[in-house]
Amino acid sequence: MRASMTRGLLFALACTALLAVACGGSTSSPAIAAIAAPDDSALAAIVDENPDPHTLEVHLDARVATKVFGASPPTAVWSYNGSIPGPLLDLNVGDRLIVHFTNHLPESTTIHWHGVRLPAAMDGTPAMQSPIEPGASFDYDFVVKDPGLFWFHPHMRSDVQVNKGLYGALRVRGANEPASDDEKILVLDDIKLKADGSIPDYLDDTSRMMGRGGNTVLVNGTANATLRVRPNATVRLRIVNTANGRFFKLHLPGVALRVVGTDGGPIAHPYDTDALLIAPGERYDVFLRIPDAADTSLVMTTQAYDRGHETGLDPPLDVATVRVEGQRVATPATLPAQGAAIEALPTPNQTLPMRLDEKSVDSGGFAFTINDVSYPNIPTIDVPLGEMRAIALDNTSEMDHPFHLHGLFFQAIARGGVAVPESERVWKDTIIVPMKSTLTLAARFDALGMWMYHCHILEHAEGGMMGDIMVR
Ligand code: C2O
Ligand code: CU
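Note that the structure is predicted; figures quoted are calculated from it, not measured.

**Side note on the nonpolar core**
Core analysis: the biggest nonpolar cluster contains 71 residues, and Trp-113, Leu-170, Phe-403 and Leu-405 have the highest contact counts within it. In this structure Leu-405 touches Ile-391, Phe-410, Asp-429, Ala-443, Phe-445, Met-452, Tyr-453 and Ile-469, once residues within four positions along its chain are discounted. The next biggest cluster of nonpolar side chains, apart from the first, holds 32 residues, and it includes Leu-188, Ile-239, Ala-243 and Val-319.

What follows is the structure in structure tokens.
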């Protein structure tokens, strides 16, 4: 306490001595923020080649790279622009994003912009674009309409390509973002590293069933990451789970996480939790108040969660060290208490039933099914433009499935046959359907084209739990 007050005093004296312009007049000036050392896990930056402040124009490639994870020997990975995660794409609502993409991988790929509402031709699924062959290029070009944290990843052999490191974050700021003293993006993943540093290439039965699991947790591509925060600061964390199979259940001892947003931006009623469950593909936007205790550390863990097949017995794992240091924040930003108004979707009068399950196949192994059929044999669903549909998910399998739908945000309207109160409606694009349960979604199909839906455990999607909806 004494040390940090001394530092504050020194800073104030320095301000008096320097030009006002250098220090700024406010306690939240970047000069103070810079006192805490940068995280070891900051996201890579990218060069904006367009002078228009409302256009972000970048060159992105997918390429083989070498990366060192913690104490492990070097690992051959697949990367966007050489980094894992790929560079952060930072935009404001209404901005245009132009990505000149080149594929330097030994196989074809695409980029899907998970959660972004865009023209179907830009959605990066094989249903809507030709695969980008090795050596070939493609320009993605669209306007971002919604605030929130989104992410990008391939939509071909996604179980393999995402696992090898192809994923990145896309942040879209809205006009009235709540204030915080610091904001961090946490791109969560786990990766299985062999003793020689390599990633196993073949798919064993457990990975096929549960999604490729890792023995190393990554925050922004870093093992044993340290997040540096100032005492008493209000910190905003925007979190995305990019793992193939791992569900994160984040816990920070003694600190409540105030959830203010999810996939589709702000929610109506912020709430506190000390165990934030995030399935593959989902995003959460949380605020928290750092303890007023300089030079201490907290360990963020992921707690056990039973998503089927004994996963509830997995021990907690460390995710990151939260290091409290630097200049104490004397007047921290208030934790947001107010949310955003969420339009309650009208109740659809037509229903798409989808029973999620798995079955063994004659050739050995098992397939993942929707209404007993596996992709690509699942019939395409037609929906006229602008119409509402209920999606009645019935998970009869022994495990949770995070259900993802492209092209729009939906709302959960019933769980286990019980209506979700209007006040609890939120905009999602990926949602957990717990094992042996039902969940009904409402969606307005207001964008033309072919949109995919699938489980976001990527081995389940590639194993057949995936289909197309054609809006015309
Ligand atoms: Cu994040 Cu169809 O995927
Ligand atoms: Cu699944």
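**Observations concerning the coordination of the copper ion (ligand 2)**
Coordination of the copper ion (ligand 2) by the protein comes from His-401 (ND1), Cys-455 (SG) and His-460 (ND1), over a distance range of 2.0 to 2.1 Å. Here the donor residues of the copper ion (ligand 2) share one chain and are spaced in sequence as H-x53-C-x4-H. Of this pair, His-401 sits in strand E25 (residues 401-405) while His-460 sits in helix H6 (residues 458-462), and the two are 59 residues apart along the sequence. Look at His-401 and you get buried, because its relative accessible area is 0%. Take His-460: its relative accessible area is 0%, and that puts it in the buried class.

**Topic: the pattern of salt bridges**
For side chains bearing opposite charge, pairing can occur when the charged atoms are close. Following the criterion strictly, the structure yields 34 salt bridges and no others. In this structure, the salt-bridge partner of Asp-272 is Arg-258, at a minimum N-O distance of 2.7 Å. Remark: Arg-258 occurs in strand E15 (residues 257-262) and Asp-272 occurs in strand E16 (residues 265-273); sequence separation between them is 14 residues. A relative accessible area of 18% places Arg-258 in the buried class.

**What about the sheet that holds strand E1 (residues 55-67)?**
With respect to topology, 4 strands assemble into an open sheet ordered E2-E1-E4-E6, the strand pairing being mixed. Of all the strands in the sheet, the pair left with one neighbour each is strand E2 (75-80) and strand E6 (137-143). On average, each strand axis in the sheet is inclined to that of its neighbour by 20 degrees, with strand direction left out of account. Relative to E6, strand E4 (residues 96-103) is paired through 7 bridges, and the arrangement is antiparallel.

**Describing unusual backbone geometry**
In this model, Ile-84 is joined to Pro-85 through a cis peptide bond whose omega is -10 degrees. By the element assignment, Pro-85 lies in the loop between E2 and strand E3 (89-92). The omega angle of the peptide bond from Tyr-375 to Pro-376 is 5 degrees, so this bond is cis rather than trans. Tracing the backbone through its elements, the reader meets Pro-376 in the loop between strand E22 (366-370) and strand E23 (381-383). Even without a glycine there, the phi angle at Asn-220 is positive, about 50 degrees. Within the fold, Asn-220 resides in the loop between strand E10 (216-219) and strand E11 (222-223). Phi is positive for Glu-310, close to 70 degrees, though the residue is something other than glycine. As for its position among the elements, Glu-310 is in the loop between strand E19 (296-302) and strand E20 (317-324).

**Some remarks on the sheet that holds E20**
Strand pairing in a sheet relies on backbone hydrogen bonds, with the paired strands running either antiparallel or parallel. Pairing in this open sheet of 5 strands is mixed, and the strands run E12-E20-E19-E14-E17 from one edge to the other. With one partner strand each, in any of the chains shown, strand E12 (225-229) and strand E17 (276-278) form the two edges of the open sheet. Adjacent strand axes in the sheet meet at a mean angle of 25 degrees, parallel and antiparallel pairs treated alike. Looking at chain direction, strand E14 (residues 248-251) and E17 are connected through 3 bridges and run antiparallel. Of the residues in E17, the one forming a bridge with Leu-250 is Leu-276.

**Digging into the side chain of Arg-283**
Along the polypeptide, Arg-283 turns up in strand E18 (residues 283-289). Among the polar contacts made by the side chain of Arg-283, one reaches the side chain of His-114 at a distance of 3.3 Å. Those residues in contact with Arg-283, other than ones at most four positions away along the chain, are His-114, Gly-115, Leu-149, Phe-150, Trp-151, Ile-239, Val-240, Gly-261, Thr-262, Asp-263, Asp-429 and Thr-430.

**Here's the deal with the packing of aromatic side chains**
Applying the stated criterion across every chain yields a total of 10 aromatic pairs. Relative to Phe-152, the ring of Tyr-80 lies with its centre 5.3 Å away and its plane at 50 degrees, an arrangement referred to as tilted. Placement of Tyr-80 in strand E2 and of Phe-152 in strand E7 (residues 148-153) is noted, with a sequence separation of 72 residues between them. An angle of 70 degrees between the planes, with centres 5.5 Å apart, marks the rings of Trp-113 and Tyr-140 as edge-to-face. Taken together, the residues Trp-113 in strand E5 (residues 112-114) and Tyr-140 in strand E6 connect sequence positions 27 residues apart.

Rules behind the numbers
Here the residue numbers are simple positions, counted from 1 along each chain's written sequence. Chain letters and ligand numbers both follow the written order, the letters beginning at A and the numbers at 1. Residue-level local features of this predicted model are given only where pLDDT is at least 70; pairs of side-chain atoms are given and counted only at 80 or more, and the full residue set underlies all totals for whole chains, interfaces and linings. Side-chain calculation: all heavy atoms of the structure are included, whereas hydrogens and water are not. To qualify as a nonpolar core, a set must consist of buried Ala, Val, Leu, Ile, Met, Phe, Trp, Tyr and Cys residues joined through side-chain atoms within 4.5 Å. Accessibility here uses a 1.4 Å probe with only protein chains present; expressed as a share of the type maximum, an area under 20% marks a residue as buried, one over 50% as exposed, and anything in between as partly exposed. It only takes one pair of heavy atoms within 4.5 Å for two residues to be counted as in contact. Donors, by definition, are the N, O and S atoms found within 2.8 Å of a metal, the threshold being 3.2 Å for Na, K and Ca, and water is not counted, so a site can look incomplete. Helix and strand labels come from DSSP, where a helix needs a run of H or I of at least four residues and a strand needs a run of E of at least two; each type is numbered from the N terminus. Salt bridges, as used here, are contacts in which a Lys or Arg side-chain nitrogen is within 4 Å of a carboxyl oxygen on Asp or Glu. Should DSSP find at least two bridges between two strands, the strands are regarded as paired. Helix axes use the C-alpha atoms of the stretch in contact, all axes being lines fitted to C-alpha atoms, and the angles between their N-to-C directions lie in the range 0 to 180 degrees. What qualifies as a polar contact is a pair of N or O atoms within 3.5 Å, subject to a donor-acceptor requirement within protein and to the restriction that residues adjacent in sequence count only when both atoms come from side chains. Between the rings of Phe, Tyr and Trp (Trp by its six-membered ring), a pair exists once the centres lie within 6.5 Å; its type follows the angle of the planes, with under 30 degrees stacked, over 60 edge-to-face, and the other angles tilted.

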